[in-house]
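# Tertiary structure, described
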Amino acid sequence: AQSVAQPEDQVNVAEGNPLTVKCTYSVSGNPYLFWYVQYPNRGLQFLLKYITGDNLVKGSYGFEAEFNKSQTSFHLKKPSALVSDSALYFCAVSDTSGTYKYIFGTGTRLKVLA
Amino acid sequence: NAGVTQTPKFQVLKTGQSMTLQCAQDMNHEYMSWYRQDPGMGLRLIHYSVGAGITDQGEVPNGYNVSRSTTEDFPLRLLSAAPSQTSVYFCASSPPSGALGSDTQYFGPGTRLTVL
């Protein structure tokens, strides 16, 4: 069965510092991996995805993620955090059979301190 | 495009009442789905549809019904509401298989439901 783990409920980082939000996954076959962000009282917004190809994926708002097959990880990163990056971040894995059923992680709340 | 729209934004029900959460998209997306979001549990898939007339169960389907009579609409019905169904509900859609972005979901703003 597919699963996604986000080991940290909350991550605190000072503005201007690099940030990392961790995600590990378990799937059979090749994974489709995603990061979504949720701002307060809003729906989820797509940030980036890994389907195939280059292990470093660049996405919206300066975020990037690195796919590591041997460690089954897909950590979200940003070189310099902004206060406006404070939000809830979800990692997800998609069923590659074509039905697009997502399995979401439990979410990590990122707090960027001024 | 309005994208994915959901109504109502908020709803309070009493145990045993029924209601329908509405979801519509104007992007001609084939795939639509319903999730519920609960604290500490992320999003869990309730039901999904890969096209008009086709629906299937997700991870937590009990207590919910869906239908997909048109490409645009995908309503979620609670037949007899229970306090355990207090949650925030999100609808999402994706472009047709093989189309640009077909593996990315677009989410509505959510419906916050409280069952007393």
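See the structure above.
These notes cover the structure that comes with them.

Rules used throughout
- Residues numbered from 1 in each chain as written.
- Chains lettered and ligands numbered in written order.
- Predicted model: local features only at pLDDT ≥ 70, side-chain atom pairs only at ≥ 80, totals over all residues.
- Heavy atoms only, no water.
- Helix = DSSP H or I, 4+ residues; strand = E, 2+ residues; numbered from the N terminus.
- Rg over C-alpha atoms; globule rule 2.2 N^0.38 Å.
- Buried < 20%, exposed > 50% of the residue type's maximum accessible area, 1.4 Å probe, protein only.
- Contact = heavy atoms within 4.5 Å.
- Areas by Shrake-Rupley, 256 points an atom, 1.4 Å probe, with all protein chains shown as cover.
- Lys, Arg positive; Asp, Glu negative; His and termini not counted.
- Charge placed at Lys NZ, Arg CZ, Asp CG, Glu CD.
- Polar contact = N/O pair within 3.5 Å; in protein donor to acceptor, adjacent residues only side chain to side chain.
- Pairing = 2+ DSSP bridges.
- Axes fitted to C-alpha atoms, helices over the stretch in contact; angles between N-to-C directions.
- Core = buried A, V, L, I, M, F, W, Y, C linked by side-chain atoms within 4.5 Å.
- 1 Å grid on protein atoms, 1.4 Å probe; cavity = no way out; pocket = protein on both sides within 12 Å on 5 of 7 lines; lining within 4 Å.
- Points joined across faces, edges and corners; volume = space filled by probe spheres on them.
- Nonpolar A, V, L, I, M, F, W, Y, C, P; charged D, E, K, R; others polar.

## A few points about the overall build of chain B
Check the secondary structure of chain B and you find zero helices and eleven strands. Helices and strands appear in chain B in the N-to-C order β-β-β-β-β-β-β-β-β-β-β. Its C-alpha radius of gyration of 14 Å places chain B within 12% of the 13 Å reference for a compact globule of 116 residues. Principal-axis analysis of the C-alpha atoms places the extent of chain B at approximately 45 × 30 × 25 Å. For chain B, the proportion of its 116 residues judged to be buried stands at 49%. Summarising the internal contacts of chain B: among those between residues at least 6 apart in sequence, 54% fall at separations of at least 24. Total accessible area computed for chain B in this model is approximately 5,200 Å², and 52% of it derives from carbon and sulfur atoms. Within chain B, the 8 negative side-chain charges are centred at a point lying 14 Å from the centre of the 7 positive side-chain charges.

## Some details on the overall build of chain A
A count of helical and extended segments in chain A gives zero helices and twelve strands. If you list the helices and strands of chain A from N to C, you get β-β-β-β-β-β-β-β-β-β-β-β. Over its C-alpha atoms chain A spans a radius of gyration of 13 Å, differing by no more than 12% from the 13 Å that the globule rule assigns to 114 residues. A burial count over chain A gives 44% of its 114 residues as buried. Across chain A, the fraction of contacts at a sequence separation of at least 24, relative to all contacts at a separation of at least 6, is 55%. Surface exposure of chain A reaches about 5,500 Å², of which carbon and sulfur atoms provide 48%. Here chain A holds 10 positive side-chain charges and 8 negative ones, and the gap between their average locations is 4 Å.

## Topic: the side chain of E64 of chain A
Residues and elements named next belong to chain A. Assignment of secondary structure puts E64 in strand 8 (residues 64–68). Side chain to side chain, E64 and K58 meet in a polar contact 2.9 Å long. Ignoring sequence-local partners within four residues, the contact set of E64 consists of L48, L56, V57, K58, H75, L76 and K77.

## Things to note about unusual backbone geometry
The amide bond that connects T7 of chain B to the next residue, P8 of chain B, takes the cis arrangement and shows omega of -5 degrees. Relative to the assigned elements, P8 of chain B resides in the loop between strand 1 (4–7) and strand 2 (10–13). The backbone of Y61 of chain A shows a phi angle near 60 degrees, a positive value even though the residue is not glycine. Within the secondary structure, Y61 of chain A is located in the loop between strand 7 (56–58) and strand 8. Its identity is not glycine, yet T72 of chain A carries a phi of approximately 45 degrees, on the positive side. Its place among the elements puts T72 of chain A in the loop between strand 8 and strand 9 (73–78).

## Regarding the sheet that holds strand 7 (residues 64–66) of chain B
Residue and element names in this part refer to chain B. Judged by pairing direction, the sheet is antiparallel, and its four strands sit side by side in the order 1-3-8-7 without closing on themselves. Two strands lie at the open edges of the sheet, namely strand 1 and strand 7, each paired on one side alone. When strand polarity is set aside, the average angle formed by the axes of neighbouring strands in this sheet is 20 degrees. Pairing between strand 1 and strand 3 (residues 19–25): four bridges, direction antiparallel. Note on strand 3: the bridge partner recorded for T5 is A24.

## Re the nonpolar core
W35, L47, L48, F74, L76 and Y89 of chain A are the most contacted members of the largest nonpolar core, which has 27 residues in total. Listing elements by their share of this core, those giving two or more residues are strand 2 (10–14), strand 3 (19–21), strand 5 (32–38), strand 6 (44–50), strand 8, strand 9, strand 10 (87–94) and strand 12 (108–113) of chain A. Ranked by residues supplied to this core, first place goes to strand 10 of chain A with four residues. Counting 19 residues, the second largest nonpolar core, distinct from the first, contains Y64, F74, L78 and Y89 of chain B.

## As for the layout of surface pockets
Of the pockets and cavities examined, the largest pocket occupies roughly 680 Å³. Taken together, 30 residues line the largest pocket, and the ones lying closest to its centre are Q38 and L88 of chain A together with Q37, V88 and R112 of chain B. Secondary-structure elements contributing two or more residues to the lining of the largest pocket are strand 10 of chain A together with strand 4 (31–38), strand 9 (87–94) and strand 11 (111–115) of chain B. When grouped by side-chain class, the residues that make up the lining of the largest pocket number twelve nonpolar, twelve polar and six charged. The calculated volume of the second largest pocket comes to roughly 230 Å³.

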